[in-house]
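For reference, the chains in residue letters:
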Amino acid sequence: MATAIITGSARGIGAAIALRLASDGYDIALNDIAESCFENNDIEEKIKAQGVQCRRYIADVSKHDACEALVKSVKADFGSIDVLVNNAGITRDGLLARMSEENYDLVVAVNQKSVFNMTKFAGSVMMKQRSGKIINLASVAGLYGNPGQMNYSATKAAIIGMTKTTAKELGSRGITCNAVAPGFINTAMTDALPAELKEAMIKQIAMRRCGEVEEIAGVVSFLASKDASYVTGQVIEISGGLSM
Ligand code: NAP
C-alpha cells in the first residue's frame, strides 16, 4: 500500500487532503504541531473508516531536526513515502510599516523552511525508491501579492521557486513536484478576515464565491495520481477565476 504524509493535517485544507487521499487508497501519516490539534477532532477515525491505515505524528515542521525524525518514523512505520503534501502554513498579517521582525521570521520558518526541511528528508526516501509525488501549497498571494501579507506572500512566492527547483533536481529519479495556489477557501484562516473585506474579495472572483477545502483536495488527488505522471514543476491556481 502506498503512503501519503500531509503536514498540518489536523484541520482545514490539510485534513480534507488527507481524507481524499485515504479515499484514493493511500495509508495516511497525519502531522500537526501539537497533540491538542487533534482534540475534539475525528479526522483519524474518518480516515480509518476508508479502510486504510492512519497514524498521527506530532512535529513542528519549521524545525529541521524534527522533520528528519518525522520522516524517519513514517518510513519505519509504513515502509515507504509515496506522496508528500507540504500543507502546514500560518498567517501573521499586518501592514509593512507595522509588521514585526518576529512575525516575518515566524511565517518564513513555518511556511517556507518547512518545505525545504520536508522535501529534503522525504525527497531522499523518494530518490531511493525512484518514485514519489510532492505537492506544495502555494497561494494566490504568492502569484499576485496581497496588502498586509509581505511575510506570507514572500513565502508563497518562494514555494513556487522551490517547486520548480525540486521538479528539476528530482525529475530524473521519477519524482514529480507541483504546487497548487488556492484563492479564498472557507477555513479558519479565512474565517478570521473581516466581513467587509470578504465581501469585497468575493466581487473579484469570477465564480462569486469562496472555495471549499474539498475543491483543493480534488486537485491534489489528481496531482498525486497516475493521470498526472507527466506533470511536474507546475502551479495550478484554484481560485474560482480570481485573476485571468
Ligand atoms: P489552517 O486551517 O490554519 O490549518 C493549518 C494547519 O497547519 C493547522 O492545523 C496548524 O496547526 C498546522 N500548523 C501550523 N504550524 C505548524 C507547524 N509549525 N508544524 C506543523 N503543523 C503546523 O490553514 P488552511 O487554511 O487549511 O491552510 C492550509 C494551507 O493552504 C496553508 O499552507 C495555507 O497557506 C494554504 N492556503 C490557504 C488558503 C485559504 O484560503 N484557507 C488560501 C491559499 C493558501 P494549529 O491548529 O496549531 O495552527
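Before going into details, it helps to say that this report is about the structure given with it. Small disclaimer: the values here were computed from a predicted structure and weren't measured.

**Observations concerning the packing of helix α1 (residues 12-23) against helix α9 (residues 213-224)**
No. 1: Relative orientation of the contacting elements α1 and α9 amounts to 50 degrees, with a least axis distance of 8 Å. Relative to α9, the element α1 lies oblique. Taken as a pair, α1 and α9 cross one another with a handedness that is right-handed. In contact with Gly-12, Ile-13, Ala-16, Ile-17, Arg-20 and Leu-21 of α1, α9 contributes Val-213, Glu-214, Ile-216, Ala-217, Gly-218, Val-220, Ser-221 and Ala-224.
No. 2: Partitioning the contact of α1 with α9 into residue classes produces nine nonpolar, three polar and two charged.

**What about the site of the ligand?**
No. 1: Taken together, 28 residues surround the ligand, and among them Ile-13, Asp-32, Asp-60, Asn-87 and Tyr-152 come closest.
No. 2: Between an oxygen atom of the ligand and a main-chain N or O atom of Gly-183, the distance comes to 3.3 Å.
No. 3: For the ligand, whose unbound accessible area comes to 900 Å², protein coverage reaches 91%.
No. 4: Tallied by class, the residues present in the shell around the ligand amount to 15 nonpolar, nine polar and four charged.

**Points about the nonpolar core**
No. 1: Ranked by internal contacts, the top residues of the largest apolar core, which has 32 residues, are Ile-17, Leu-21, Ile-28 and Ile-47.
No. 2: Going through the elements one at a time, β1 (3-6), α1, β2 (27-32), α2 (43-48), β4 (83-86), β5 (132-137) and α9 are the ones with two or more residues in this core.
No. 3: For Ile-28, the residues in contact, after removing those within four places along its chain, are Ala-4, Ile-6, Ala-18, Leu-21, Ala-22, Ile-47, Gln-53, Cys-54, Arg-55 and Phe-78.
No. 4: Residues Ile-81, Leu-84, Val-125 and Met-126 belong to the second largest nonpolar core, which totals 23 residues.

**Re the sheet that holds strand β6 (residues 175-182)**
No. 1: One open sheet holds the seven strands; their spatial order is β3-β2-β1-β4-β5-β6-β7, and the pairing between them is parallel. The open sheet is flanked by β3 (54-58) and β7 (235-238), the only strands paired with a single partner. Across the sheet, the mean angle separating the axes of adjacent strands is 20 degrees when strand polarity is ignored.
No. 2: Inspection of the sheet shows β4 paired to β5 by four bridges, in the parallel sense. Within β5, the position partnered with Asn-86 by the bridge is Asn-136.

Calculation rules
Residues numbered from 1 in each chain as written. Predicted model: local features only at pLDDT ≥ 70, side-chain atom pairs only at ≥ 80, totals over all residues. Heavy atoms only, no water. Axes fitted to C-alpha atoms, helices over the stretch in contact; angles between N-to-C directions. Helix = DSSP H or I, 4+ residues; strand = E, 2+ residues; numbered from the N terminus. Parallel < 35°, antiparallel > 145°, perpendicular 65-115°, else oblique. Left-handed = near helix turned anticlockwise from the far one by under 90°. Contact = heavy atoms within 4.5 Å. Nonpolar A, V, L, I, M, F, W, Y, C, P; charged D, E, K, R; others polar. Near = heavy atom within 4 Å. Polar contact = N/O pair within 3.5 Å; in protein donor to acceptor, adjacent residues only side chain to side chain. Areas by Shrake-Rupley, 256 points an atom, 1.4 Å probe, with all protein chains shown as cover. Core = buried A, V, L, I, M, F, W, Y, C linked by side-chain atoms within 4.5 Å. Buried < 20%, exposed > 50% of the residue type's maximum accessible area, 1.4 Å probe, protein only. Pairing = 2+ DSSP bridges.

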